[in-house]
Amino acid sequence: MNKAYTSDASNALDEFALAKEHLDSMIGQLQSLKAGDWRHDETETFIQTQGRELCRLLYQGALHVRSQGEERRPSVTGEDKVVRGHFRRGCQRKLKSLFGEVVVSRNGYCSRNVDSRYPLDAALNLPKRKYTYGLQECVSAAVSQSAFDNALERVSGLLGTAIPKRQAEELVAEASQDFEAFYAQRAITPVRSDETVLVMSQDGKGINMRHADLREATRKAAESAAPRLSTRLGCGEKRNRKRMATVATVYDWAPWVRTSQNIIGPNAQSAGASRAKAENKRVWASVTAAMETVTEQIVQEALRRDPQRKRPWVMLVDGHKDQLRVIHRVFKRHAVDAPLILDFIHVLEYLWRAAWCFFDSDDKGQSRQAEKWVLAKAQALLEGRSGNVAAGIRIKASRVGLSANQLKTIDDVARYLTNHTAMLRYDEFLSKGYPIATGVIEGACRHLIGDRFEITGARWSLKTAEGILRLRAIRSSGDWVTYQAFHKKKEWERHHFQRFSEEERSAMAWK
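Each value, and the rule that gives it
Residues numbered from 1 in each chain as written. Predicted model: local features only at pLDDT ≥ 70, side-chain atom pairs only at ≥ 80, totals over all residues. Heavy atoms only, no water. Axes fitted to C-alpha atoms, helices over the stretch in contact; angles between N-to-C directions. Helix = DSSP H or I, 4+ residues; strand = E, 2+ residues; numbered from the N terminus. Left-handed = near helix turned anticlockwise from the far one by under 90°. Contact = heavy atoms within 4.5 Å. Nonpolar A, V, L, I, M, F, W, Y, C, P; charged D, E, K, R; others polar. Core = buried A, V, L, I, M, F, W, Y, C linked by side-chain atoms within 4.5 Å. Buried < 20%, exposed > 50% of the residue type's maximum accessible area, 1.4 Å probe, protein only. Parallel < 35°, antiparallel > 145°, perpendicular 65-115°, else oblique. Expected span 1.5 Å × (residues − 1). Arc of directions from axis to C-beta. Polar contact = N/O pair within 3.5 Å; in protein donor to acceptor, adjacent residues only side chain to side chain. Phe/Tyr/Trp six-rings, centres within 6.5 Å; stacked < 30°, edge-to-face > 60°. Lys NZ or Arg CZ within 6 Å of the ring centre and 35° of its normal. Pairing = 2+ DSSP bridges. pLDDT = per-residue confidence, 0-100.

### Overview of the packing of helix 15 (residues 364-382) against helix 16 (residues 386-399)
At a minimum axis separation of 8 Å, helix 15 and helix 16 run at an interaxial angle of 145°. In this structure, helix 15 meets helix 16 at a crossing whose hand is right-handed. The residues of helix 16 that touch helix 15, namely those facing Trp373, Lys377, Ala380 and Leu381, are Ser386, Val389, Ile393 and Lys396. Tallied by class, the residues present in the contact of helix 15 with helix 16 amount to five nonpolar, one polar and two charged.

Pasting the structure below:
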């Protein structure tokens with residue numbers, strides 16, 4: 001027993017001889033007279049570069065230990081039920097890691113006219129590509145937060161490993177491929193009580209796309225549009241180069257009962273000190289899926305959280321016609337009876353549009369009068385009197401001289417209020433403690449799309465845009481670490497576990 005242990009330890013030391021030699025060399029250089037004249041930044045750079053090589057040698061030594069300890073098998077049977085009895089020792093493959101390039105040596109088993117199997121690949125969960133999962137995660141995190149060129153330049157400078165942009169784009173797509181499977185099995189965080197409100201919301205935001213990846217209608221519009229001017233766009237002309245992404249969120253909300261005075265009035269600021277917050281928030285977006293598909297995902301997420309439908313459900317919307325049609329269709333399909341709440345901030349914007357028809361925005365005195373008028377109308381809306389507000393706006397318009405354009409604006413605002421009466425029952429929503437503003441989904445639009453995709457001159461491919469959206473959603477939802485662990489296991493299943501026969505699989509396990 002002692003002899004065997006000593007032998008294994010001796011072999012391990014031999015594998016790390018180069019690492020020990022390199023460490024001794026580093027220490028010797030740091031103790032030399034030359035290093036005594038280095039500035040602190042020169043010493044830091046030396047340790048960073050040489051320390052990376054030390055880590056690479058340690059990593060290489062660890063892989064050699066695993067290779068030396070691999071036992072020879074009589075044969076290996078693949079999922080195709082072909083017995084691979086021809087044995088080859090020392091089959092090598094290169095691997096790019098966080099520390100640099102290393103070589104993995106393992107036993108291979110093959111047979112005529114079929115591909116080989118490498119059991120050690122499964123034990124180590126080697127990636128399909130030449131990049132380790134640690135390096136893949138580093139690249140994915142970097143490019144999901146900033147422009148590809150800048151991110152890859154930083155990664156190259158930090159790790160000393162250059163990643164081509166095309167390779168990085170492919171890594172993003174692969175790193176995000178388990179997004180839906182992860183959230184389908186994700187554990188549900190318990191809520192405090194069945195009174196906790198389950199809030200759903202969605203919105204849309206455009207992403208500049210390459211011409212080939214535009215939706216068909218947008219692409220045709222771009223091709224048929226003939227610009228009136230050759231050197232610039234004319235007034236009202238658009239480039240037709242955006243593809244709409246649907247942004248979604250589901251979260252829990254502790255009931256927060258308020259009155260109109262808590263929203264607008266002298267008590268508004270003090271009430272905000274104890275305001276409720278979104279909890280267990282999940283946000284995501286998709287530029288490939290249709291709006292109805294994302295709405296379906298929202299309902300499915302809600303059903304995962306509350307399968308018995310014991311809790312109150314609400315859906316916050318901005319009033320877009322297509323959005324409302326899709327939501328009603330999906331709700332009907334699942335027999336969901338949840339109130340739709342029109343975002344109060346959007347409604348305020350409509351009131352301001354009407355106000356500037358009655359007051360002069362260039363006059364300070366009239367601007368203050370406009371603000372008082374808007375506050376009064378908003379107060380009435382919060383008290384559930386949307387019909388009275390719409391009628392009052394029409395009556396006021398009939399008593400003052402307005403232009404045709406102003407009358408049209410007044411008509412649009414009044415019709416907006418009367419058409420959405422059921423979604424403007426703010427007095428009822430506030431008394432039940434529901435949220436009435438879409439701040440969460442607006443923030444998700446800015447974070448998931450605005451902060452990353454609206455870089456000047458950026459034009460996105462569909463595959464890469466979807467991958468970046470998923471990675472940003474994972475991070476925004478606080479699931480980065482758990483997703484990475486899930487993704488690695490799924491990769492092991494795809495590239496290793498499923499490539500062996502059922503008999504071979506019975507002896508394999510994810511560790």
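### What to know about the nonpolar core
Core analysis: the biggest nonpolar cluster contains 111 residues, and Met200, Ile393, Leu417 and Tyr426 have the highest contact counts within it. Here the element with the most residues in this core is helix 14 (residues 344-358); it accounts for eight residues. When residues no more than four places from it in sequence are discounted, the contact partners of Tyr426 are Ile341, Leu342, Asp343, Phe344, Val347, Leu381, Leu382 and Ile436. Judged by nonpolar contacts, the second largest core, of seven residues, contains Val76, Phe87, Ala122 and Trp492.

### Some details on the packing of helix 2 (residues 17-31) against helix 3 (residues 40-68)
The interhelical angle for the contact between helix 2 and helix 3, taken along N-to-C directions, is 170°, at an axis separation of 9 Å. Considering their axes alone, helix 2 and helix 3 lie roughly antiparallel with respect to each other. Mapping the contact onto sequence places Leu18, Ala19, His22, Leu23, Met26, Gln29 and Leu30 in helix 2 and Thr43, Phe46, Ile47, Gln50, Gly51, Glu53, Leu54, Leu57 and Leu58 in helix 3. Grouping the constituent residues of the contact of helix 2 with helix 3 by class yields 10 nonpolar, five polar and one charged.

### Looking at helix 13 (residues 321-333)
Between the first and last C-alpha of helix 13 there are 19 Å, a value that for 13 residues agrees with the 18 Å anticipated at 1.5 Å per step. Among all positions of helix 13, only Gln323, Leu324, Val326, Ile327, Val330 and Phe331 are buried. Axial view of helix 13: buried residues confined to an arc of 165°, hence all on one face. Residues of helix 13 that are exposed and angled more than 90 degrees away from the buried face: Lys321 and Lys332. The inward-facing, buried residues of helix 13 contact strand 6 (197-208), helix 12 (291-305), strand 9 (313-317) and strand 10 (340-342). Where helix 13 terminates, the next one or two residues include Ala335, which has phi positive at roughly 55°.

### Quick look at the side chain of Ser176
Checked against the element boundaries, Ser176 lands in the loop between helix 7 (165-175) and helix 8 (179-185). Polar contacts involving the side chain of Ser176 include one to the main-chain carbonyl oxygen of Ala173, which spans 3.2 Å. Residues contacting Ser176, with those up to four places away along its chain left out, are Gly467, Arg470, Leu471 and Tyr483.

### Structural notes on the packing of aromatic side chains
All chains considered together, the criterion is met by 18 aromatic pairs. Plain terms: the ring middles of Phe182 and Tyr183 are 4.9 Å apart, the flat faces sit at 80° to each other, and that makes the pair edge-to-face. Tyr183 matches Phe182 in its accessibility class, with the two residues each being buried. Aromatic rings pair up to connect Phe179, Phe182, Tyr183, Tyr483 and Phe486 into one cluster. For Arg106, the ring lying beneath its charged end belongs to Tyr118, and the centroid distance is 4.0 Å.

### Focus on the environment of Val104
By the secondary structure assignment, Val104 is in strand 4 (residues 101-111). What makes Val104 buried here is its relative accessible area of 1%. Setting aside residues up to four positions removed in sequence, Val104 forms contacts with Leu63, Cys91, Gln92, Arg93, Leu95, Leu124 and Leu126.

### Let's talk about the sheet that holds strand 10
What the five strands build is an open sheet, ordered 8-7-6-9-10; its pairing is mixed. Here the strands that pair on one side only, and so sit at the sheet edges, are strand 8 (278-286) and strand 10. The mean inter-strand angle of the sheet, taken between neighbouring strand axes irrespective of direction, is 25°. As paired elements, strand 9 and strand 10 share three bridges and run parallel to each other. In the sheet register, Leu316 faces strand 10, and the bridge partner there is Ile341.

### Observations concerning the sheet that holds strand 4
The pairing of strands in a sheet happens through backbone hydrogen bonds and is either parallel or antiparallel. The sheet built from three strands is open, its strands ordered 3-4-5 with antiparallel pairing. A single partner strand is all that each edge strand has here, and the edge strands are strand 3 (86-96) and strand 5 (114-117). In this sheet, neighbouring strand axes are inclined to one another by 40° on average, regardless of whether the strands run parallel or antiparallel. Examined bridge by bridge, strand 3 and strand 4 share nine bridges and lie antiparallel to one another. Considered in strand 4, the bridge of Leu95 is made with Val102. On top of the sheet, helix 3 reaches strand 3 and strand 4; it is set at about 20° to strand 4, its chief contact.

### Let's talk about the confidence of the model for the protein chain
Per-residue confidence for the protein chain averages 91 on the pLDDT scale, and 91% of its residues sit at or above 70. Scored below 50 in pLDDT, residues 1-10 makes zero contacts in the model with residues more than four places away or belonging to other chains.

### Comments concerning the pairing of strand 4
Within strand 4, eight of the 11 residues are buried, which leaves the element mostly enclosed by the surrounding structure. Between strand 3 and strand 4, which pair antiparallel and follow one another directly, the connecting turn spans four residues, one of which, Gly100, has a positive phi of 135°. Here two bridges tie strand 4 to strand 5, and the two strands are oriented antiparallel to one another. Pairing of Tyr109 across the sheet is with Arg117, part of strand 5. Linkage of strand 4 to strand 5, two consecutive antiparallel strands, is achieved through a turn of two residues, within which Asn113 is found at a positive phi near 65°.

### Looking at helix 2
The end-to-end C-alpha separation of helix 2 is 21 Å, in line with the 21 Å expected for 15 residues at 1.5 Å each. The complete set of buried residues in helix 2 reads Ala19, His22 and Met26. Angularly, the buried residues of helix 2 cover 65° about the axis, an arc narrow enough to put them on a single face. Residues of helix 2 that are exposed and angled more than 90 degrees away from the buried face: Lys20, Glu21, Asp24 and Gln31.

### Section: the environment of Lys377
Relative to the elements of secondary structure, Lys377 occurs in helix 15. Along the sequence, Lys377 and Asp362 sit 15 residues apart, while their C-alpha atoms lie 22 Å from each other. Leave out the neighbours within four places in its chain, and Lys377 touches Leu351 and Val389.

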